[in-house]
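Coordinates in review
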Amino acid sequence: MHDKPAPSRTVAPETGHQAEPAAPRKKIFVKTYGCQMNVYDSARMVDVMAPTGYAEVDTPEEADIVILNTCHIREKAAEKVYSELGRLRDLKKEKSGRGESLVIGVAGCVAQAEGEEMRRRAPAVDLVLGPQTYHRLPEYIARLANGGPGIVETEFPAEDKFESLPVPDRRKTLARGATAFLTIQEGCDKFCTFCVVPYTRGSEFSRPVARILDEAKALADAGVREITLLGQNVNAYHGEDVKGGAATLGALIRDLAAVDGIEHIRYTTSHPRDMDEELIAAHAEVPELMPYLHLPVQSGSDRILEAMNRRHDAESYVRLVERIRAARPDIAMSSDFIVGFPGETDRDFEATLDLVRTVGYAQAYSFKYSPRPGTPAATEEDQLPEEVKSERLQRLQALLGEQQVAFNEACAGRIMPVLFDRRGKGERQLVGRSPWLQSVHVEDAPENLFGNIVEVEIEEGYRNSLRGRLRAAEAVVA
Ligand code: SAH
Ligand code: SF4
Ligand code: F3S
């Protein structure tokens, strides 16, 4: 995704040997919607296509294959895909007028949820593939190139995919930068009544520890300093350990912290029910584990939490946050909220505001409830009017916004390690991330600090970022 297109059409495909004369290089464009796991999956799709001679490009116009990696979580997310498909249909026509071809693929959660329906609604689509089948992309593309009919492939399970994916390509990883996602767990067995994920991603699956360590070492070797472990229910992780038992996330984090070069570790998204003692202890004892935790609560009302099938109440969430803070006092909390769930009263909503005031968040995402086909809550009778949802969302976001600004402003004057992972707009401007996942802008930063973790003194905090400066005789921390 952050990779650069091949410089010329005469570069040989990455077959591993030089014998063949230079073949024209083909191009793939992947557009990502939705969560971080889709970001990871998109990168892996590019990885699996690379050995067949495909290089990644930045626009659909340049591409021979366009893949939309889609999200089904809310109605808006899914609708965006169809409008994009309209544009791609026109592009395909235009290209075929010039004697060029364009393969249109839809991957991800909309593909999984809609399957055949997708090609009925958007006949320009050649390929529909669910989140567990994209390792077979080269085979599907070859079939289509040979004039085969359109393909819809939405079968599970995740094991086959992970076993078939190559260890990340060092050159590509280098180009992607100093931070990386690493999927360790996928799928969900929790069945919250509002959520499509158990249907689109399938049941929980954890990758074995050894495979995760291999991937982390490859990433570290390519210059990655920070990894974010991904899973829809990442703290339900229970992958096979080297002795054949089941590892917890806490144990896996300790193993990863021992990998040379991996300096920062994060994980997302966790469920309050799966925050076990071992994981909380890791927050206290593993310095590589960053003091930031995204722990979605959705609502502060016990009645609504029960109707959502979250399997905990507000009080136990607040107690849990207290225990986590006791283990790691400087930890910053983040969360997800849904307003306007069916049957939510003013009182229920007030309970959510109360919970936010009690916990205090550094950052959070909040959404209006969106009824999703096939989920139990979608057929509840007491759906709320749009105006009520909008008004509640606005109030909640105002409160969360205040907390976020207060948290960022309180960082002024502090010195913190910042991983420089982006280049700023201006020359000699670098942008990095703080331990608390804030963007930190630094002027007058030498290029050789890019990709490194450096002590930065924060001068000012804003709503969405911090501004800082390098300290004299700047030491690279890692
Ligand atoms: N696995 C994570 C969340 C996955 S989805 C968890 O258990 O918390 C990311 C977020 O999208 C959810 O936390 C929820 O806040 C939101 N979301 C999911 N389904 C939704 C729906 N139908 N309407 C509105 N928001 C939704
Ligand atoms: Fe969806 Fe709930 Fe599973 Fe999270 S835990 S992915 S919200 S069903
Ligand atoms: Fe969306 Fe699927 Fe992720 S529905 S949020 S892309 S798991």
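An account of the accompanying structure is given in this report. (Residues numbered from 1 in each chain as written. Chains lettered and ligands numbered in written order. Predicted model: local features only at pLDDT ≥ 70, side-chain atom pairs only at ≥ 80, totals over all residues. Heavy atoms only, no water.)

Things to note about the packing of aromatic side chains
Counting across every chain of the model gives five aromatic pairs. Relative to Phe341, the ring of Phe194 has its centre 6.5 Å away and its plane inclined at 85°; by these criteria the two rings are edge-to-face. Of this pair, Phe194 sits in the loop between strand E8 (185-186) and helix H8 (197-200) while Phe341 sits in the loop between strand E13 (332-339) and helix H14 (346-359), and the two are 147 residues apart along the sequence. Judged by its relative accessible area of 2%, Phe341 is buried. With 5.4 Å between their ring centres and 65° between their planes, Phe341 and Tyr369 make a pair best called edge-to-face. In this pair, Phe341 sits in the loop between E13 and H14 while Tyr369 sits in the loop between strand E14 (363-368) and helix H15 (386-409), placing the two residues 28 residues apart along the sequence. The same class applies to Phe341 and to Tyr369, which are both buried. The lysine or arginine in question, Arg121, covers the ring of Tyr82, its NZ or CZ lying 3.6 Å from the ring centre. A cation over a ring is seen here: Lys161 above Phe162, with NZ or CZ 4.8 Å from the ring centre. (Phe/Tyr/Trp six-rings, centres within 6.5 Å; stacked < 30°, edge-to-face > 60°. Helix = DSSP H or I, 4+ residues; strand = E, 2+ residues; numbered from the N terminus. Buried < 20%, exposed > 50% of the residue type's maximum accessible area, 1.4 Å probe, protein only. Lys NZ or Arg CZ within 6 Å of the ring centre and 35° of its normal.)

Overview of the nonpolar core
One broad rule of soluble globular proteins: the nonpolar side chains tend to lie buried together. Counting residues in each nonpolar core, the largest one holds 55 residues, and the members touching the most others are Ile227, Leu229, Leu249, Tyr267 and Tyr361. For Tyr267, the contacting residues outside a window of four places in its chain are Thr228, Leu229, Val234, Leu249, Ile253, Met275, Leu279, His283, Leu289 and Leu293. The next biggest cluster of nonpolar side chains, apart from the first, holds 25 residues, and it includes Met37, Val48, Tyr54 and Ile151. (Core = buried A, V, L, I, M, F, W, Y, C linked by side-chain atoms within 4.5 Å. Contact = heavy atoms within 4.5 Å.)

Points about the sheet that holds strand E7 (residues 179-183)
Within the open sheet, the three strands sit side by side as E7-E10-E11. Their pairing is parallel. In this open sheet, the two edge strands, each paired with only one partner strand, are E7 and strand E11 (264-268). Between one strand axis and the next, the sheet turns through 25° on average, direction left out of account. Note that E7 and strand E10 (residues 226-230) share five bridges and pair parallel. Bridge assignment links Thr179 to a residue of E10, and that residue is Glu226. (Pairing = 2+ DSSP bridges. Axes fitted to C-alpha atoms, helices over the stretch in contact; angles between N-to-C directions.)

Overview of the pattern of salt bridges
Where charged atoms from two side chains of opposite charge approach closely, those side chains can pair. Going through the model one piece at a time under the given rule, you end up with 42 salt bridges. Notably, a salt bridge pairs Glu117 with Arg120, separated by 3.4 Å at the nearest N-O pair. Of the two residues, Glu117 and Arg120 are both situated in helix H4 (residues 116-121); the distance of three residues between them amounts to about one turn of the helix. Since its relative accessible area comes to 33%, Glu117 is described here as partly exposed. The exposure class of Arg120 is exposed, given its relative accessible area of 60%. (Salt bridge = Lys/Arg side-chain N within 4 Å of Asp/Glu carboxyl O.)

Read these as geometric descriptors, not functional statements.
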